[in-house]
Amino acid sequence: MTPSVSRWFRFNLRLHRWTSLLATLPLLVLCLTGTALIFREEIDAALGVVPVGTAEGAARVADCLATLERAFPDDRVLGVGLDPLNHPGVMLGVVAAPDETSFDRARLTYFDLASGRMIGDDDDPSASFTGVLFELHAEWFLGPVGRLVGALIGLLVVLSLLSGLVIYAPYVRRIAYGVIRRGRGARLAQLDLHNFVGAVVLGWAVVVSLSGFLLGFSAVALGVWQMTDLAAIREEYQGAAPVDVRRPPVTVPQVIEVARAHARPGWGVRTILYPGMDLTTPRHYAVLLGGSEGLEARTIDAVMIDAQTGELARDVELPGYLHAMFLAEPLHFGDYGGLPLKLLWSACNLLTLFITANGAWLFFDRRRAQRLRPGRAAEEVGDEEP
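Each chain carries its own residue numbering, running from 1 in the direction its sequence is written. Totals for whole chains, interfaces and linings use every residue, but because this is a predicted model, local features are given only for residues with pLDDT of at least 70 and side-chain atom pairs only at 80 or more, for both listing and counting. Each side-chain value is derived from all of the structure's non-hydrogen atoms; neither hydrogens nor water enter the calculation.

Points about the overall build of the chain
Inference 1: Across its full length, the chain carries 12 helices and eight strands.
Inference 2: Between two residues, a contact is recorded if the distance between any of their heavy atoms is within 4.5 Å. In the chain, once contacts between residues fewer than 6 apart in sequence are set aside, the share between residues at least 24 apart is 64%.
Inference 3: Entry remark: accessible area of the chain is about 19,100 Å², with carbon and sulfur atoms responsible for 62%. Each helix is a run of H or I in the DSSP string that is no shorter than four residues. Each strand is a run of E no shorter than two, and both are numbered from the N terminus. The Shrake-Rupley method, run with a 1.4 Å probe sphere, supplies the accessible areas, and residue values consider only the shown protein chains as cover.

Details of the pairing of strand 2 (residues 90-96)
Regular strands place their side chains on alternate faces of the sheet.
Inference 1: In terms of burial, strand 2 is a largely internal element, six of the seven residues being buried.
Inference 2: Strands are treated as partners if at least two bridges between them are detected by DSSP. Both strand 1 (residues 76-82) and strand 2 contribute to a ladder of six bridges, which runs antiparallel. Among the inter-strand pairings, Val 80 is bridged to a residue of strand 2, identified as Gly 93. Note on classification: 1.4 Å probe, protein chains only; a residue is buried when its accessible area is under 20% of the maximum for its type, exposed when over 50%, partly exposed between these limits.

As for the UniProt feature "transmembrane region" (unreviewed entry) in the chain
Inference 1: Under the local residue numbering, the UniProt record ascribes the feature "transmembrane region" (unreviewed entry) to residues 148-172, 193-225 and 343-364.
Inference 2: The span residues 193-225 carries 94% helix and 0% strand; its end-to-end C-alpha distance comes to 45 Å. UniProt positions are given in the numbering used here, feature names are shortened, and annotations may be inferred rather than shown by experiment.

Side note on the pairing of strand 6 (residues 284-290)
Inference 1: Burial of strand 6 is extensive: six of the seven residues sit out of reach of the surface.
Inference 2: In this sheet, strand 6 lies alongside strand 5 (residues 268-273) in antiparallel orientation, the contact comprising five bridges. Within strand 6, the position partnered with Leu 273 by the bridge is Ala 286.
Inference 3: Direction of pairing for strand 6 relative to strand 7 (residues 301-306): antiparallel, over a ladder of six bridges. The residue bridging Tyr 285 from the neighbouring strand is Ile 305, located in strand 7.

Side note on the environment of Gly 203
Inference 1: Inspection of the secondary structure assignment puts Gly 203 in helix 7 (residues 202-216).
Inference 2: Accessibility expressed as a relative area gives 46% for Gly 203, which makes it partly exposed.
Inference 3: Between the alpha carbons of Gly 203 and Leu 161 there is a distance of 9.3 Å; along the sequence they are 42 residues apart.

Things to note about the nonpolar core
Inference 1: Membership of the largest hydrophobic core comes to 29 residues, with the highest contact counts inside it found for Leu 65, Met 91, Val 252, Ile 272, Tyr 285, Val 287 and Leu 289.
Inference 2: Secondary-structure elements contributing two or more residues to this core are helix 3 (61-71), strand 1, strand 2, helix 9 (252-261), strand 5, strand 6 and strand 7.
Inference 3: Ignoring anything within four residues of it in the chain, the contact list for Met 91 reads Val 61, Cys 64, Leu 65, Val 80, Gly 81, Leu 82, Thr 109, Tyr 110, Phe 111 and Leu 113. For this analysis, a nonpolar core means a set of buried residues of the types Ala, Val, Leu, Ile, Met, Phe, Trp, Tyr and Cys, connected via side-chain atoms within 4.5 Å.

Let's talk about a nonpolar patch on the surface
Inference 1: Patch building starts from residues that exceed 30% relative accessible area and form no salt bridge, then joins like charges within 9 Å and nonpolar side chains (Val, Leu, Ile, Met, Phe, Trp, Tyr) within 5 Å. For this analysis, a salt bridge means a side-chain nitrogen from Lys or Arg found within 4 Å of a carboxyl oxygen belonging to Asp or Glu. Where nonpolar side chains cluster on the molecular surface, the patch consists of Leu 148, Phe 217, Val 220, Val 224, Met 227 and Tyr 321 and spans about 510 Å² of accessible area.
Inference 2: The element contributing the most residues to the nonpolar patch is helix 8 (residues 218-236), with three residues.
Inference 3: For Phe 217, the location among the structural elements is in the loop between helix 7 and helix 8.
Inference 4: On the accessibility criterion, Phe 217 (30% relative accessible area) is partly exposed.

Some details on the sheet that holds strand 8 (residues 312-316)
Inference 1: An order of 4-3-2-1-5-6-7-8 is seen for the eight strands of this open sheet, with the pairing classed as antiparallel. Every interior strand has two partners, whereas the edge strands, strand 4 (118-122) and strand 8, have only one. Across this sheet, the average inter-strand angle for adjacent strands is 25°, counted without regard to direction.
Inference 2: Where strand 1 lies against strand 5, three bridges are found, and the strand directions are antiparallel. Helix axes use the C-alpha atoms of the stretch in contact, all axes being lines fitted to C-alpha atoms, and the angles between their N-to-C directions lie in the range 0 to 180 degrees.

Here's the deal with the side chain of Glu 100
Inference 1: Take Glu 100: it is sitting in the loop between strand 2 and strand 3 (107-112).
Inference 2: Between N or O atoms, a polar contact is any pair within 3.5 Å; within protein, one atom must be a potential hydrogen donor and the other a potential acceptor, and residues adjacent in sequence are included only when both atoms are from side chains. Among the polar contacts listed, one links the side chain of Glu 100 to the side chain of Arg 105, at a separation of 3.0 Å.
Inference 3: When residues no more than four places from it in sequence are discounted, the contact partners of Glu 100 are Arg 76, Leu 78 and Arg 105.

Some points on the layout of surface pockets
Inference 1: Definitions used throughout: a 1 Å grid over protein atoms alone; a cavity as a set of points that fits a 1.4 Å probe which cannot get out; a pocket as an open set with protein on both sides within 12 Å along at least five of seven lines; a lining residue as one with an atom within 4 Å of a point. Grid points are joined across faces, edges and corners, and a volume is the space filled by probe spheres set on the points. For the second largest pocket, the calculated volume is near 700 Å³.
Inference 2: Forming the boundary of the second largest pocket are 34 residues, of which His 16, Ser 20, Ser 160, Gly 164 and His 194 lie nearest the centre.
Inference 3: When residues of the lining of the second largest pocket are traced back to their parent elements, those giving at least two are helix 1 (3-38), helix 5 (144-174), helix 6 (186-200), helix 7 and helix 11 (338-372).
Inference 4: By residue number, the principal contributor to the lining of the second largest pocket is helix 1, which donates nine residues.
Inference 5: Among the residues forming the lining of the second largest pocket, the class breakdown is 18 nonpolar, 12 polar and four charged. Polarity classes work like this: nonpolar for Ala, Val, Leu, Ile, Met, Phe, Trp, Tyr, Cys and Pro, charged for Asp, Glu, Lys and Arg, and polar for all others, with Gly in that last group.

In structure tokens form, the structure reads like this:
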């Protein structure tokens, strides 16, 4: 091996060790919480967080909204959610104080679409078991700043994985892939196991780490879109008269019909945001449309509908970075391919948990060996290099 290659190897060896060490404790937490969040829908259903609607009967969105307005006469409706894939027969209504323009202090209410009855009410969505896990996993209980912390952890993990690939490549030339060297001490056996399992989950781990890195900037990306594209749309309609945001002239059922008429084949309405919110204009509803299966079910199209006339005002061309954010979430949690994919994501999560703990043991065991038996430690360290 040439001196330059040797320096490159040693650089990656140090990079792998220290990025892995810095990310060890956070990654252990992320693996544990992430494994649970893969099954968030199932856990919420078991705990009754999202009530189950009646499967039969016509959708009665107007009746649900009338019930919502009677139940919370002093609040304003911020949005309506429909999720036929995960919560068929259920409508989500979001209300808040009249001066609220975001979901930060919103209250969630659930309705049976077949009857129009309220079947659930949650004034603190983050207080559920999976809500707490998500706050820890995504934000470290630090709010938007915590998402940036998560992005930094994702970057450390990506650097650890790529440098680990550089370290492992020379072994493949002299040691068969997957061979565990026995009879030469626990450390070398654990090192071979670490390399083998790391190579097995490498592709998955890179995808999950990169998607986690992207999700860490989701609040920043949305803020950029609000200050650029959405600001331009608002300026374009600056001369249009605003509507009564509590009771717009055009109703939500009418908005749904207009949006469906302009949706792609097989796509449907997922979210309706009322006028006068941070993500809309004082005059328009914003409607988010989604597909019916696979990654399309996690992809978003957006349209704006005039709340005064009911006409389609515009198709909103979302920038590529927002589409990347929307795709990053299902790739990160593996919840777009049914139970088999969720089980695969869980298995990879647990294997990553193993190599994280195993890598920490290798690091500290090496330091212990250097202190107790410098000669033997140097001999073992020599086995780690090509």
